[in-house]
Amino acid sequence: MRIATFNVNGVNGRIDLLADWLGETSPDVVCLQELKAPEEKFPAARLEKAGYGAIWHGQARWNGVAILARGCEPIETGRGLRGDPEDMQSRYIEAAVRGVLIGCLYLPNGNPQPGPKFDYKLAWMERLIARAADLIGLDEPVVLAGDYNVIPTDADVYKPERWKDDALMQPESREAFFRLTAQGWTDAIRHLHPDERIYTFWDYWRNAFGRDAGIRIDHLLLNPVAAKGLKSAGVDREVRGREGTSDHAPAWVELEDR
DNA sequence: ATGACTGATGGAATCAGA
């Protein structure tokens, strides 16, 4: 079972790119972030034609998350994170697909820091940690996949000095990320590739992809049951080199079928 | 230190992204 996450950076603007990639790699489950589409403009019909059922949580202009399932409908188990009734941003959606629980998340960027956006990021991380604590010990596989907007270590960035003042690399952001993983989650890509330079994001500026000036911020965290079945993990970085692409590349894991 | 690039909205310029 192949589970992927892709910050598509505008699901309508890149629907052809998305459909091509789906056709080429046939993931069983896809977590999408940055839909940049309100609820009613999600391209559900087009994705159904591509063979995917979907649930989504849209928002005008920004944010937005979705879960796609090949050949079936995801069974939604929740949207949004408890703990802040004032939070209107569409950043978390959760569903069961063929016996696997999938949490799809778009963690706040948090720049500039310090400031209210950084405070929101850290508070959101606490709410994610609370939800993750509910899920870590389940008897079925759980995958928390998405754009975490956290560079976990200096091995996950081409030039740490360039990002040292950025919200993605602050000690507070990293500390919260490691407190999350310390519950028992496995960072699948880093687990299988401990010594490789692996990136999932390259900005649009200054030929960042051409120079491989990237960062690793899209992660798939596995609970112990899911980690037991982990076969492989990687990044479809070739997608980042295409015409009119997202600034993120898809990341994925392959789990043994249960 | 700054800016470069991009999508969405709306029909220009701005916001947000990372």
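What you are looking at is a predicted structure, and each value in this text was computed from that prediction instead of being measured.

(A) Local environment of unusual backbone geometry. The peptide bond linking Asn-111 to Pro-112 adopts the cis configuration, its omega dihedral lying at -5 degrees. Structurally, the position occupied by Pro-112 is in the loop between strand 7 (100-106) and helix 3 (116-135). That bond from Gln-113 to Pro-114 is cis: its omega, -5 degrees, falls within 30 degrees of zero. Mapping Pro-114 onto the fold places it in the loop between strand 7 and helix 3. One non-glycine residue, Arg-61, adopts positive backbone phi at about 70 degrees. Looking at the secondary structure, you find Arg-61 in the loop between strand 3 (52-57) and strand 4 (65-70). The exposed category is assigned to Arg-61, whose relative accessible area is 62%.

(B) Representation of the protein's contact with DNA strand B. Close to DNA strand B lie 25 residues, the nearest being Glu-34, Asn-109, Phe-201, Trp-205 and Arg-206. Near-protein atoms of DNA strand B (within 4 Å) split between backbone and bases, with sugar and phosphate holding 62%. In this structure, a phosphate oxygen belonging to DNA strand B sits 3.3 Å away from a side-chain N or O atom of Asp-147. Asn-149 places a side-chain nitrogen or oxygen 3.1 Å from a phosphate oxygen of DNA strand B. The class makeup of the residues in the surface near DNA strand B is 9 nonpolar, 8 polar and 8 charged.

(C) Layout of the sheet that holds strand 1 (residues 2-7). Spatially, 3-4-2-1-14-13 is the arrangement adopted by the 6 strands of the open sheet, whose pairing is mixed. Edge strands, defined here as strands with exactly one partner in the open sheet, are strand 3 and strand 13 (230-235). Sheet twist, expressed as the average angle between the axes of neighbouring strands with direction ignored, equals 15 degrees. In this sheet, strand 2 (residues 29-33) lies alongside strand 1 in parallel orientation, the contact comprising 5 bridges.

(D) Expanded view of the pairing of strand 3. Where burial is concerned, most of strand 3 is hidden: 6 out of the 6 residues are buried. Of the two faces of strand 3, the one carrying Tyr-52, Ala-54 and Trp-56 and the one carrying Gly-53, Ile-55 and His-57 are both buried. As judged from the 6 bridges shared by strand 3 and strand 4, these two strands associate in the antiparallel manner. Paired with Tyr-52 across the two strands is Arg-70, which belongs to strand 4.

(E) Spatial organisation of the sheet that holds strand 5 (residues 75-79). Strand order across the open sheet formed by 6 strands is 5-6-7-8-12-9, with mixed pairing between neighbours. Both outer strands of the open sheet, strand 5 and strand 9 (186-187), are each paired with one neighbouring strand and no more. Pairing analysis gives 6 bridges linking strand 7 to strand 8 (residues 142-147), with the strands arranged parallel. Residue Gly-103 lies in a different strand from strand 8, and its bridge partner there is Leu-144. Across the sheet, helix 3 is in contact with strand 6 (92-97), strand 7 and strand 8; its angle to strand 6 comes to roughly 20 degrees.

(F) Representation of the pattern of salt bridges within the structure. If you walk through the whole model with that rule in mind, you get 20 salt bridges. The shortest N-O distance in the salt bridge between Arg-82 and Asp-134 comes to 2.8 Å. Note that Arg-82 is positioned in the loop between strand 5 and strand 6 and Asp-134 in helix 3, a separation of 52 residues in sequence. Assessed through its relative accessible area of 51%, Arg-82 is described here as exposed. Between Arg-174 and Asp-154 there is a salt bridge whose closest N-O contact spans 2.9 Å.

(G) Structural view of the state of the cysteines. All told, the structure shown has 0 disulfides when counted by the stated rule. Between Cys-31, a free cysteine, and Cys-104, which holds the nearest cysteine sulfur, the sulfur-to-sulfur gap is 4.2 Å. Overall, Cys-31 belongs to the buried group, its relative accessible area being 0%. The buried category is assigned to Cys-104, whose relative accessible area is 0%.

What counts, and at which threshold
Residues numbered from 1 in each chain as written. Chains lettered and ligands numbered in written order. Predicted model: local features only at pLDDT ≥ 70, side-chain atom pairs only at ≥ 80, totals over all residues. Heavy atoms only, no water. Helix = DSSP H or I, 4+ residues; strand = E, 2+ residues; numbered from the N terminus. Buried < 20%, exposed > 50% of the residue type's maximum accessible area, 1.4 Å probe, protein only. Near = heavy atom within 4 Å. Polar contact = N/O pair within 3.5 Å; in protein donor to acceptor, adjacent residues only side chain to side chain. Nonpolar A, V, L, I, M, F, W, Y, C, P; charged D, E, K, R; others polar. Pairing = 2+ DSSP bridges. Axes fitted to C-alpha atoms, helices over the stretch in contact; angles between N-to-C directions. Contact = heavy atoms within 4.5 Å. Salt bridge = Lys/Arg side-chain N within 4 Å of Asp/Glu carboxyl O. Disulfide = S-S within 2.5 Å.

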